[in-house]
Amino acid sequence: MTERAVRDEAAGLLRAFEARGAVRIEADILQPAETLLDLYGEDIRARAYVTADPLRGEAMLRPDFTVPVVQMHLAGGDGTARYTYSGKVFRKQPDADRPVEYEQVGYELFGGEGRAAADAEVFAAFHALLAPRGLVPATGDIGLIRAAVLGLRTSEIRKRALLRHLWRPRRFRALIDRYRLARPAPQPVGAPGSPEIGLRSRAEIDARLAALAADAGVPPLSAGEAELLDAILGLKEASGMVLSHLRDIAVDMPAIRDAVTGFEARLAALDAAGIDAADVPFEASYGRTTLEYYDGFVFGFVASGRPDLPAVATGGRYDTLTRALGGSDNAASVGGVVRPGLLVELAP
């Protein structure tokens, strides 16, 4: 694989996205670390290259394009816009065989004619480029899981804990199992005047004990609700069948009804875009370990015969991230990236 081949592939992708009305933009390679570290998920934060500048403070090599693209968009307003871009991103890798810098080409849509239509538009843009090459789509919906968690009959503290660990499935499962059990109130630690050992102060220990005591007073999560949540998390089949299951689950878990309505609207929009939506693969837990700033529809495209390769393309909806950067309360943002280097590697 040569750099020239990757650049040519990237140029072709850029032209395809421009043909869909996207404006080509660029983002600096060196980005301010403080903003990005606060907003990116744990996976990207842990893999970013951070450096210090005596005048500009901490900076990082661009690990992703989303935040700088959102910032550029908001600097010019908060209306409907489409952007495309190309450039290298830099991330630490768990093994020496994976590159620490590689090319990405992206397509982002802000606003649009409703969230379902925008989700379908972005997915269709990637589908048109990648499905003919034999890549297989994967989809999920983080918003569906969030709606289920927020609808649980438990304390707000427990809901926040579950949402915080949504991106760590094992920890999320451990919390669900814990919340299903009645918990005894914690006992005081140490006698008055006893020496304090460790890094925590007495005030911090007392605050933690008070929080545990309050949690112990929360009734256990019902078996029925836990089973419904498990049923949602276990969904993994064609989207048409998933919609049927979700309608049944929503009868007993009304909190997900709006999310199910949105799911159905997205399938209709995909059909209108020329994609057989009922056959699109869906997995409720898709993206829960890597796509941490997405909060709704998520998607990817993979080479089914190459399990050794990462996803060739990933994307999804990130309204919360855009609002955190100064977007309006009804900010709507969805986009994705493709790795031209992997397309070159997979070429016959």
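What you see is a predicted model; the values in this text were computed from it and never measured.

Examining the overall build of the protein
Along the protein, the regular secondary structure elements total 14 helices and 12 strands. Within the protein, buried positions represent 46% of all 348 residues. In the protein, once contacts between residues fewer than 6 apart in sequence are set aside, the share between residues at least 24 apart is 71%. Accessible surface computed for the protein: about 17,100 Å², of which carbon and sulfur atoms make up 54%.

A word on the pattern of salt bridges
Tallied over the entire structure, the rule returns 18 salt bridges. Between R247 and E264 there is a salt bridge whose closest N-O contact spans 2.6 Å. With R247 in helix α11 (residues 239-252) and E264 in helix α12 (residues 257-272), the pair connects residues that are 17 residues apart, well separated along the chain. You can call E264 partly exposed: its relative accessible area is 36%. Between D308 and R306 there is a salt bridge, and its shortest N-O distance comes to 2.8 Å.

Regarding the sheet that holds strand β4 (residues 57-61)
Ordered in space as β2-β4-β3, the three strands form an open sheet in which the pairing is antiparallel. Edge strands, defined here as strands with exactly one partner in the open sheet, are β2 (30-32) and β3 (50-53). For this sheet, the mean inter-axis angle between neighbouring strands, taken without regard to orientation, is 40°. Across three bridges, β2 lies against β4 in antiparallel orientation. Within the sheet, the bridge partner assigned to Q31 lies in β4 and is M60.

Here we look at the nonpolar core
For soluble globular proteins, the rule of thumb is that nonpolar side chains tend to be buried together. By size, the foremost hydrophobic cluster in this structure holds 91 residues, and its most contacted members are F126, I256 and V338. Leaving out residues up to four positions away in the same chain, F126 has contacts with F17, Y107, A131, F299, F301, A313, G336, V337 and V338.

Considerations on the pairing of strand β11 (residues 313-317)
Of all five residues making up β11, five are buried, and the element is well covered by its neighbours. In terms of strand pairing, strand β10 (residues 297-302) meets β11 through four bridges, oriented antiparallel. Within β11, the residue paired with F299 across the bridge is G315. Where β11 lies against strand β12 (residues 333-338), five bridges are found, and the strand directions are antiparallel. Residue A313 lies in a different strand from β12, and its bridge partner there is V338.

Some points on the pairing of strand β7 (residues 136-141)
Counting buried residues along β7, five of its six residues qualify, which places the element largely inside the surrounding structure. Pairing of β7 with β10 involves six bridges; the strand directions are antiparallel. Looking at β10, one finds that A138 is bridged to G300.

A few points about the environment of I25
Within the secondary structure, I25 is located in the loop between β1 (23-24) and β2. Note: C-alpha distance between I25 and Y85 (60 residues apart in sequence) is 5.4 Å. Apart from the residues lying within four places of it in its own chain, the contact partners of I25 are V69, M72, Y83, T84 and Y85.

So, the side chain of D64
Structurally, D64 is set in the loop between β4 and α4 (66-75). Here the side chain of D64 touches T66 through a polar contact of 2.7 Å, landing on its backbone nitrogen. Within polar-contact distance, the side chain of D64 engages the side chain of Y293 at 3.1 Å.

As for empty space enclosed by the protein
Enumeration over the complete set of coordinates arrives at one cavity of 30 Å³ or more. Every residue lining the largest cavity is listed: F123, T139, S239, F263, R266, L267, L270, V280, F282 and F297. A per-element tally of the lining of the largest cavity places α12 first, with four residues. Grouping the constituent residues of the lining of the largest cavity by class yields seven nonpolar, two polar and one charged.

With respect to the packing of helix α8 (residues 169-179) against helix α10 (residues 223-233)
At their nearest, the axes of α8 and α10 sit 11 Å apart, and the two run at 160° to each other. With respect to each other, α8 and α10 are oriented roughly antiparallel. For the pair α8 and α10, the sense of crossing is left-handed. Contact with α8, carried on its side by F172, R173 and I176, involves A226, L229, D230 and L233 of α10 and no other residues of that element.

Details of the packing of helix α7 (residues 156-164) against α8
Following both chains from N to C, one finds α7 and α8 inclined at 155°, their axes separated by 9 Å at the closest point. One way to sum up the angle between α7 and α8 is to call them roughly antiparallel. In terms of crossing hand, the pair formed by α7 and α8 is left-handed. For the pair α7 and α8, the contacting residues are R158, A161 and L162 in the first and F172, L175, I176 and Y179 in the second. Across the contact of α7 with α8, the residue classes break down as six nonpolar, no polar and one charged.

Cut-offs applied
- Residues numbered from 1 in each chain as written.
- Predicted model: local features only at pLDDT ≥ 70, side-chain atom pairs only at ≥ 80, totals over all residues.
- Heavy atoms only, no water.
- Helix = DSSP H or I, 4+ residues; strand = E, 2+ residues; numbered from the N terminus.
- Buried < 20%, exposed > 50% of the residue type's maximum accessible area, 1.4 Å probe, protein only.
- Contact = heavy atoms within 4.5 Å.
- Areas by Shrake-Rupley, 256 points an atom, 1.4 Å probe, with all protein chains shown as cover.
- Salt bridge = Lys/Arg side-chain N within 4 Å of Asp/Glu carboxyl O.
- Pairing = 2+ DSSP bridges.
- Axes fitted to C-alpha atoms, helices over the stretch in contact; angles between N-to-C directions.
- Core = buried A, V, L, I, M, F, W, Y, C linked by side-chain atoms within 4.5 Å.
- Polar contact = N/O pair within 3.5 Å; in protein donor to acceptor, adjacent residues only side chain to side chain.
- 1 Å grid on protein atoms, 1.4 Å probe; cavity = no way out; pocket = protein on both sides within 12 Å on 5 of 7 lines; lining within 4 Å.
- Points joined across faces, edges and corners; volume = space filled by probe spheres on them.
- Nonpolar A, V, L, I, M, F, W, Y, C, P; charged D, E, K, R; others polar.
- Parallel < 35°, antiparallel > 145°, perpendicular 65-115°, else oblique.
- Left-handed = near helix turned anticlockwise from the far one by under 90°.

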